[in-house]
Amino acid sequence: MRKVIGFLLIASFAFFIVSLVARDLWIDDPAQVRTIGQAAIGQTIPQSGAANTVTAIVVQFRGLDTLGEVTVLFLSAIGVALLSGEFAGRGLNELFADDGGFILHYGTRLVLPLIALVGAYIVAHGHLSPGGGFPGGVLIATAVFAVLMTNVQQRLSTRLMAVIEGLAGLAFVGLGTLGLLGDKFSFLANVLPKGELGFLFSAGIIPLIYAAVGTKVAAELSTLVTSLTGSDKDAGPASVSAGGKGGAR
Amino acid sequence: MVSPMILIALPLATAFLIVLIGSRVAARWLSLAAVALLAGLAPFWFAEVLRNGPMAIVLADVLPPLGIAFGLDALSAGFVLLIAASGLLVLLYSVPYIPHAGQFEGAKKAETRYYALFLLLLAGSFGLVMTRDIFNLFVFFEILCISSYILVAYSQEERSLEAGIKYMILGSIGSAFMLVAIGLSYRVAGSLAMTDIGQALATAPHGYALLVAVLFTLGFGIEAAIFPLNTWLPDAHSSAPSSISAVLSGFVIEVALVVLVRIGITVFGTLMEPAMGVLALAGVVVGELAALGQKELKRTLAFSSIGQVGIMLFAFSLGTQSGDWAGLGQLLMHTGAKSALFLVSGYFILRTGSHEIEAYRGLARRMPAAAAFFSLAALSLVGMPPFFGFFTKFRIIEVAAAARSALGYAGIVVILFGTVIEAVYLFRIVRVLYGGVTAAAAASANGATIGGLGAPGSIADSTLLSVAGAPSSVPTLARADLPALAWIAVAAFVALVLVGGFAFPWFDQALQPVAAALAAL
Amino acid sequence: MISVSAVLYTTSIILVLLGLYGALTRKNLIRTVISLDVIDLGVNIFLITIGYIKDGRAPIYVIGSGSLSVQAARMADPLPQALVLTAIVIGFGVTAVALTLIMRLYEKRKTVEVSETRGLKW
């Protein structure tokens, strides 16, 4: 019954969409609307000094969206840590029969700094080549994840991650407030010197913001993975009763 | 003049700081200080905007449309004031209340996170009312939604988790629709600023504007609890900790509704009036009728919220400025009344350990102040003179009559019908509060009607009767108490509905520029 | 000749519809979350395709690869890419929290089937 209703709903929806706009969408080059993306391409070098247009948009022109995005990740990390509750400290050995064995055990530890280095490189070069804080941070967290998955006894301190997270977040907001204090009176304005195009130290606050973002993302994802795999050093041992007692709501 | 960006920056920075420090005491003080500061500044911004007109805020020193269009006008400033004030009051209530809100492993650390989540919920709401850019709107909307998903599941009991998941699934589907709408808008307009999109959609082929409007409304409508997208609400608002229920019913769904209405009018050029009006009235009918059958207090209140949102949406869907004005009045009243009702219900639950209305029989004897607050707020919600609720509802009926349309007349009938139903279930609760355990009820322990109220079904809390024994006794209060701090919040909300009634002309005047701004961008 | 963007748009819309069907009808909560992921995927492809320009290049200026204005003329639209960046991260955050909620619920119920759960119908 549910499936029939669901199917009818979807079919009518599909019909609705197709009848209204599909024909227009299928043209390759529609009547060229002058988009802000094109404006951004033109404005990137004068206004931000970055070579990567997408970075200029993400960090500078639409910096508030990025702050929001970072906040959403922050929310998820808090949410997962909060909701993991009892199983955050339980350890992987309840979930997996055996760990990875010698090769995985030491191999991941060997590879961890290399992966982290690549991640850091991507973060640092966000304004010059594709990448930036988000992919770079994810990569660094992947290194952590590899170690956690293959070493069932390994524990990571979510407290430490929380400190890093908080500091990085404050750094982002602080950099934004710099804009408010200067003469431009605008949150997240790019107030540092733009430097020369193509150099690592250029584009004003963009690399700094991406560094903060990368650190934050890495810390947050590590917290997420730590809570979900039960490798939290700071959570107590799991209590025997799995059901929560009711409280006042 | 302090930049209104502090409304975003301060809650975020405080949340980061709270997580960094990790101590509960720091969390409480920091969040109270931050929100108090914002609540203190809010009236100044409101006054400034009323005097000098809308304030545009430039972000990153980049002008729209390349940058994000952001600003504060009468509507935004009014809501900022409402959100900041409600947030502060509920925070005051939360400080003593939250330690009791969940007995689970790691509850102490969880409390710190509660405050961070609360602050982020506020930040999301502030951003939502201030932004003039459609993608920025989406980002703040997600911040608001995700923090509320997590807060609903805070106590980590089975029903809270379930409510959270259901809410989350529906919310995610809605967000996906919104993104599609945003993509289509960008394609047509080449810009993400709402003014540009509005212009482009006005000249685009007809199908476009309608499709974008429908997709967007589906997305936002889930959060604004428009029928039939509101199936998540009863579970979510009743399973959340009471402070969060107060916030969700008190301003979150209202903010979503108003932002949706404003975007509908200014960007899509249409609010799809007849359809929205019909859905609104359907919501009133379904919500109020469902509330009638509920045995748990918070679920009753949650369904009542559905009904009230329907009334507000109906007022907005009349498409006139006086309709908007009336709707905003109803909104303000609902914030005060429903927040008070939820906060007091949290207290009832805390002290009796039960969610069921029957468990509160005779409670008024032991906690007269609480029962009085509850009754006053309930009276206003129903719309009794001389409370705020009477004037706002009456105004809506006036406007509906003036509209002289089928929808208007149907609306009057439905609202009156809804009012009667509301009166039945709310007064039933008040009667239980003030009633004693009668001899008849004590004798009929097996499913007969209770105290002549006509409520069918078994006696909800049989332990009550076994403890009660003698007909004149009252439920035992076994649990902790809430200090006076919490009552400041309740008193303030109730004061709003009292003052609103007596000082209605003043509120009327204050709301007018806000209503005018609803139709502008 | 079918245009690239037509293929991409059609694919993305099909993905969204499939995911929607799955999210509405699946009883197993994990499958519901996967369906939500599929919806997100479809929506992200849709957004990215909006920036498609025939024979466009990546919107990054490369020093030493010709004049900057020549490079600029052939760049694809960078804005949808920025939007998708944000949308992917947000979708990820939601999925993480949803899975955690499901894990907790599983602990209490020993099942992830919705038919077992009271009133969790759509």
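Coordinates for the structure precede this section.
Calculation rules
- Residues numbered from 1 in each chain as written.
- Chains lettered and ligands numbered in written order.
- Predicted model: local features only at pLDDT ≥ 70, side-chain atom pairs only at ≥ 80, totals over all residues.
- Heavy atoms only, no water.
- Axes fitted to C-alpha atoms, helices over the stretch in contact; angles between N-to-C directions.
- Helix = DSSP H or I, 4+ residues; strand = E, 2+ residues; numbered from the N terminus.
- Parallel < 35°, antiparallel > 145°, perpendicular 65-115°, else oblique.
- Left-handed = near helix turned anticlockwise from the far one by under 90°.
- Contact = heavy atoms within 4.5 Å.
- Nonpolar A, V, L, I, M, F, W, Y, C, P; charged D, E, K, R; others polar.
- Phe/Tyr/Trp six-rings, centres within 6.5 Å; stacked < 30°, edge-to-face > 60°.
- Buried < 20%, exposed > 50% of the residue type's maximum accessible area, 1.4 Å probe, protein only.
- Buried area = accessible area lost by both parts, 1.4 Å probe.
- Salt bridge = Lys/Arg side-chain N within 4 Å of Asp/Glu carboxyl O.
- Polar contact = N/O pair within 3.5 Å; in protein donor to acceptor, adjacent residues only side chain to side chain.
- 1 Å grid on protein atoms, 1.4 Å probe; cavity = no way out; pocket = protein on both sides within 12 Å on 5 of 7 lines; lining within 4 Å.
- Points joined across faces, edges and corners; volume = space filled by probe spheres on them.

**What to know about the packing of helix 13 (residues 321-352) of chain B against helix 15 (residues 368-382) of chain B**
Residues and elements named next belong to chain B.
- Put simply, helix 13 and helix 15 touch, their axes get as near as 9 Å, and they point 150° apart. Considered as vectors, helix 13 and helix 15 are oriented roughly antiparallel to each other. Where helix 13 crosses over helix 15, the two elements pack in a sense that is left-handed. Where helix 13 abuts helix 15, its residues Met333, His334, Ala337, Lys338, Ala340, Leu341, Val344, Tyr347 and Phe348 lie against Ala370, Ala371, Phe373, Phe374, Ala377, Ala378, Ser380 and Leu381.
- For the contact of helix 13 with helix 15, a count of residues per class yields 14 nonpolar, two polar and one charged.

**Let's talk about the packing of aromatic side chains**
Residues and elements named next belong to chain B.
- By the definition in use, this model includes 17 aromatic pairs over all chains.
- When the centroid spacing of 5.1 Å and the interplanar angle of 35° are considered together, the rings of Tyr93 and Tyr97 count as tilted. With Tyr93 and Tyr97 both in helix 3 (residues 74-97), this residue pair falls four residues apart, about one helical turn.
- By relative accessible area, Tyr93 is classed as buried at 1%.
- Look at Phe135 and Phe138: their rings are 5.7 Å apart centre to centre, the planes differ by 35°, and that puts the pair in the tilted class. Of the two residues, Phe135 and Phe138 both sit in helix 5 (residues 134-152), three residues apart, roughly one turn of that helix.
- When its relative accessible area of 1% is taken as the criterion, Phe135 is described as buried.
- Accessibility expressed as a relative area gives 2% for Phe138, which makes it buried.
- Put simply, the rings of Tyr114, Tyr115, Phe118 and Tyr154 pair up and form one aromatic cluster.

**Considering the interface of chain C and chain B**
- Each partner contributes to the interface: chain C provides 34 residues, whereas chain B provides 32 residues.
- Of the roughly 3,100 Å² buried at the junction of chain C and chain B (both faces included), carbon and sulfur atoms supply 77%.
- In this assembly, chain C and chain B are joined by two salt bridges.
- Residue Glu162(B) is joined to Arg109(C) by a salt bridge in which the shortest nitrogen-to-oxygen separation is 2.4 Å.
- One can count six residue pairs in polar contact (both at pLDDT 80 or more) joining chain C with chain B.
- Where the side of chain C that touches chain B is concerned, the elements lending two or more residues are helix 1 (4-25), helix 2 (29-50) and helix 4 (78-109) of chain C.
- A per-class count over the side of chain C that touches chain B returns 24 nonpolar, four polar and six charged.

**A word on the layout of surface pockets**
- Approximately 1,100 Å³ is the volume found for the largest pocket.
- Residue lining of the largest pocket: 49 residues in total, with Val138(A), Leu221(A), Ile88(C), Val89(C) and Phe92(C) positioned closest to the centre.
- Those elements that provide at least two residues to the lining of the largest pocket are helix 3 (53-61), helix 6 (133-150) and helix 8 (206-229) of chain A, helix 5 and helix 6 (158-189) of chain B together with helix 2 and helix 4 of chain C.
- Looking at the lining of the largest pocket element by element, the count peaks at 14 residues for helix 4 of chain C.
- Size it by volume and the second largest pocket reaches roughly 520 Å³.
- For the second largest pocket, the lining is made up of 21 residues, of which Gly78(B), Leu81(B), Leu82(B), Leu332(B) and Phe507(B) are closest to its centre.
- The set of elements that each furnish at least two residues to the lining of the second largest pocket consists of helix 3, helix 13, helix 20 (484-502) and helix 21 (504-518) of chain B.
- The dominant element in the lining of the second largest pocket, judged by the number of residues it contributes, is helix 3 of chain B, at seven residues.

**Concerning the packing of helix 5 (residues 101-124) of chain A against helix 6 of chain A**
Residue and element names in this part refer to chain A.
- At a minimum axis separation of 8 Å, helix 5 and helix 6 run at an interaxial angle of 170°. Accordingly, the angle class assigned to the pair helix 5 and helix 6 is roughly antiparallel. Contacts between helix 5 and helix 6 involve Leu104, His105, Thr108, Arg109, Leu112, Ile115, Ala116, Val118, Gly119, Ala120, Ile122 and Val123 on the former and, on the latter, Gly133, Pro135, Gly136, Gly137, Leu139, Ile140, Ala143, Ala146, Val147 and Thr150.
- Of the residues contributing to the contact of helix 5 with helix 6, the split by class is 14 nonpolar, seven polar and one charged.

**Observations regarding the environment of Thr66(A)**
Residue and element names in this part refer to chain A.
- By the secondary structure assignment, Thr66 is in helix 4 (residues 63-84).
- A relative accessible area of 2% places Thr66 in the buried class.
- At a separation of 2.4 Å, a polar atom in the side chain of Thr66 contacts the main-chain carbonyl oxygen of Val58.

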